[in-house]
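# Geometric and topological summary
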Amino acid sequence: MKGAAVFPGDKTLRVVADVPDRKLESPTGVKLRMLQVGICATDREIASCMFGTPPDGFNYLVLGHEGFAEVVEAGPEAGELQPGDLVVPTVRRPCEDPACMACVNDRPDFCVTGLYREHGIMGMHGFLREFVLGEARYMRKVPAAIRDVAVLVEPLTIAEKAFLQAERIQMRLPWNERGVLQGSQAVVLGAGPVGLLGAMALRLRGCAVTVYSRERKPDPRADITRAIGAKYVSAQDRTPEEMAAGIGNIDLIYEATGSSKLAFRMLNVLGRNGVLILTGVPGAHGPEAVDLGALITNMTLKNQCLLATVNAGNDAFDRAIADLGEFCTLWPDAVRGLITGRFTLEQFETPIRNAAGIKNIIEVAS
Ligand code: BGC
């Protein structure tokens, strides 16, 4: 079968015509026909060989971890999944260490050993191929009503995991035993798909949201922000301090730019009892001068929390699927407006080499 892959040896991208296509043998397994796969910054970095590991025995790695598929075969013990069902596969698979409480408890997103594998990223082929075999328990069922946007589930899970965690963290406030974020002042950094989907999830939770991003209005990102009832501020027009001055106590900042400098600068504008959430993986860029004493003093005097989060568990996937349904009811054009480019499998290099628009997707099959 066909798949879109990176060859780290000679740093090329190619459509491979003969990716092995295995038969469904596991009674608890399913065979998926991939429908759509989203492209993100992680794919771009893997494609430029900054990281990414092919599976054992392969000199290439099939790309893609933002998948959306149709079940075409289900083993006799695959639970409720049946051919014709729509699913989003989760990305990470557990390590095999029986002492890893995270993986033993089906939460490889918190894996302790670091020996987990990830589809399209580490040690497992990704979803940018015609068919995928997997265990039914790693597939999250998607209602047909969100078929046209279900490829956005995986990038939304980043935000959902972050906010599920933030809700738990804010239970530390004695008057907020359930950790509700409703009524919070939230700032989202970056109006890419992870930022805008995060902004939508925060609006749904009843937060007042400001999206702070590079682009100047008029821009489709600003239009989407307005459509969901959030405020858009361009970093070209206002410094973080000027942006924050118009808000009051900022309770939550969701960082979705991957800019380490901006993330730490935002600690200066985070409010009392606030949480700063990091989701980016900026990599090493050499030393930066930071006044650590001032930083720690400020954080301590304001009871602040710094939360970093990667990958997502089944709870975040299910929440993302439910929330996407709500987004489609509340803001149908805004959600659909996030998908700005559609490509065939053969054209996969274009959105990987050139990050135009908001979210680019590959239509593997229709
Ligand atoms: C994916 C995560 C993954 C992470 C690190 C992100 O782009 O959304 O699922 O864990 O990259 O590999």
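Just above, that's the structure.
Here is a short report on the structure shown in this document.

Rules and cut-offs
Residues numbered from 1 in each chain as written. Predicted model: local features only at pLDDT ≥ 70, side-chain atom pairs only at ≥ 80, totals over all residues. Heavy atoms only, no water. Pairing = 2+ DSSP bridges. Helix = DSSP H or I, 4+ residues; strand = E, 2+ residues; numbered from the N terminus. Near = heavy atom within 4 Å. Polar contact = N/O pair within 3.5 Å; in protein donor to acceptor, adjacent residues only side chain to side chain. Nonpolar A, V, L, I, M, F, W, Y, C, P; charged D, E, K, R; others polar. Expected span 1.5 Å × (residues − 1). Buried < 20%, exposed > 50% of the residue type's maximum accessible area, 1.4 Å probe, protein only. Phe/Tyr/Trp six-rings, centres within 6.5 Å; stacked < 30°, edge-to-face > 60°. Lys NZ or Arg CZ within 6 Å of the ring centre and 35° of its normal. Axes fitted to C-alpha atoms, helices over the stretch in contact; angles between N-to-C directions. Parallel < 35°, antiparallel > 145°, perpendicular 65-115°, else oblique. Left-handed = near helix turned anticlockwise from the far one by under 90°. Contact = heavy atoms within 4.5 Å. Disulfide = S-S within 2.5 Å. Arc of directions from axis to C-beta. Patch = residues over 30% accessible without salt bridge, like charges linked within 9 Å, V, L, I, M, F, W, Y side chains within 5 Å. Areas by Shrake-Rupley, 256 points an atom, 1.4 Å probe, with all protein chains shown as cover. Salt bridge = Lys/Arg side-chain N within 4 Å of Asp/Glu carboxyl O.

## Considering the sheet that holds strand S9 (residues 123-124)
Across the sheet, three strands lie side by side as S7-S8-S9; this open sheet has mixed pairing. Only two strands of the sheet have a single neighbouring strand rather than two, namely strand S7 (92-93) and S9. In this structure, S7 lies alongside strand S8 (residues 117-119), joined through two bridges in antiparallel fashion. Across the sheet, residue Arg93 finds its bridge partner in S8, namely Arg117.

## Observations regarding the site of the ligand
Taken together, Cys40, Thr42, His65, Val91, Arg92, Glu118, Ile121, Glu154, Ile158, Val310 and Asn311 make up the full set of residues adjacent to the ligand. Glu118 is positioned such that a nitrogen or oxygen atom in its side chain is 2.5 Å from an oxygen atom of the ligand. Between Asn311 and the ligand, the recorded distance is 2.9 Å, taken from a side-chain N or O atom to an oxygen atom. Counted by class, the shell around the ligand contains five nonpolar, three polar and three charged residues.

## Digging into helix H4 (residues 193-204)
The terminal C-alpha atoms of H4, which comprises twelve residues, lie 16 Å apart, in line with the 16 Å expected from a rise of 1.5 Å per residue. Taking burial as the measure, the twelve residues of H4 include nine buried ones, the bulk of the element. Considered for burial, the residues of H4 that qualify are Pro193, Gly195, Leu196, Leu197, Gly198, Ala199, Met200, Ala201 and Leu202. Looking one or two residues beyond H4, the residue adopting positive phi is Gly206, at roughly 80°.

## Overview of the packing of aromatic side chains
With the rule as written, the count across this model stands at four aromatic pairs. With a centroid separation of 5.3 Å and 40° between ring planes, the pair formed by Phe7 and Tyr60 is classed as tilted. Highlighted residues: Phe7 in strand S1 (residues 3-7) and Tyr60 in the loop between helix H1 (41-47) and strand S4 (61-62), separated in sequence by 53 residues. Of the two residues, Phe7 and Tyr60, both sit in the buried class. Three or more aromatic residues joined by ring pairs make a cluster, and in this case those are Phe7, Phe58 and Tyr60. Over the ring of Phe7 we find Arg14; its NZ or CZ atom is 3.8 Å from the centre of that ring. Sitting above the plane of the Tyr138 ring, Arg93 keeps its charged end 4.0 Å from the centroid.

## Thoughts on the sheet that holds strand S2 (residues 12-16)
If you trace the three strands from one edge of the open sheet to the other, you get S2-S1-S4, paired in antiparallel fashion. Both edges of this open sheet fall to S2 and S4, since each of them pairs with a single strand only. Strand direction decides the pairing type here: S1 and S4, joined by two bridges, are antiparallel. Across the sheet, Ala5 pairs through a bridge with Val62, a residue of S4.

## A closer look at the packing of helix H3 (residues 153-169) against H4
H4 packs onto H3 with a crossing angle of 50° between their chain directions and a minimal axis gap of 8 Å. Comparing their axes, H4 and H3 come out oblique. The element H3 and its partner H4 pack so that their crossing is right-handed. Note on element contacts: H4 touches H3 through Val194, Leu197, Gly198, Ala201 and Leu202, opposite Pro155, Leu156, Ile158, Ala159, Glu160 and Phe163. A per-class count over the contact of H3 with H4 returns nine nonpolar, one polar and one charged.

## A few points about the state of the cysteines
This structure, assessed with the given rule, holds zero disulfides. Cysteine Cys95 remains unbridged, with the sulfur of Cys103 as its closest cysteine sulfur at 3.7 Å. Taking relative accessible area as the criterion, Cys95 reaches 9% and is therefore assigned buried. No disulfide involves Cys100; its sulfur sits 3.7 Å from that of Cys103, the nearest cysteine.

## Observations concerning unusual backbone geometry
Of the consecutive residues Lys217 and Pro218, the connecting peptide bond is found in the cis state with omega at -5°. With respect to the helices and strands, the residue Pro218 is situated in the loop between strand S13 (208-213) and helix H5 (220-227). The backbone phi angle of Asn311 is positive, close to 60°, even though this residue is not glycine. As for its position among the elements, Asn311 is in the loop between strand S17 (305-308) and helix H9 (314-330). Take Asn311: its relative accessible area is 9%, and that puts it in the buried class.

## Notes on H5
Considered for burial, the residues of H5 that qualify are Arg221, Ala222, Ile224 and Thr225. For H5, the buried positions fall inside an angular range of 160° around the axis, keeping them on one side. Buried positions along H5 lie against H4, S13, strand S14 (231-234) and helix H10 (332-336). Near the N-terminus of H5, the side chain that reaches the backbone nitrogen of Arg221, with its oxygen 2.8 Å away, is that of Asp219. Once H5 finishes, Gly229 follows within two positions and takes phi at roughly 80°, a positive value.

## Details of a nonpolar patch on the surface
Residues Val290, Leu292 and Ile296 make up a contiguous nonpolar surface patch of roughly 280 Å² in combined accessible area. Checked against the element boundaries, Val290 lands in the loop between strand S16 (275-278) and helix H8 (292-301). A residue is classified by how much of its surface remains accessible, and Val290, at 41% relative accessible area, is partly exposed.

This is a description of form; function is not addressed.
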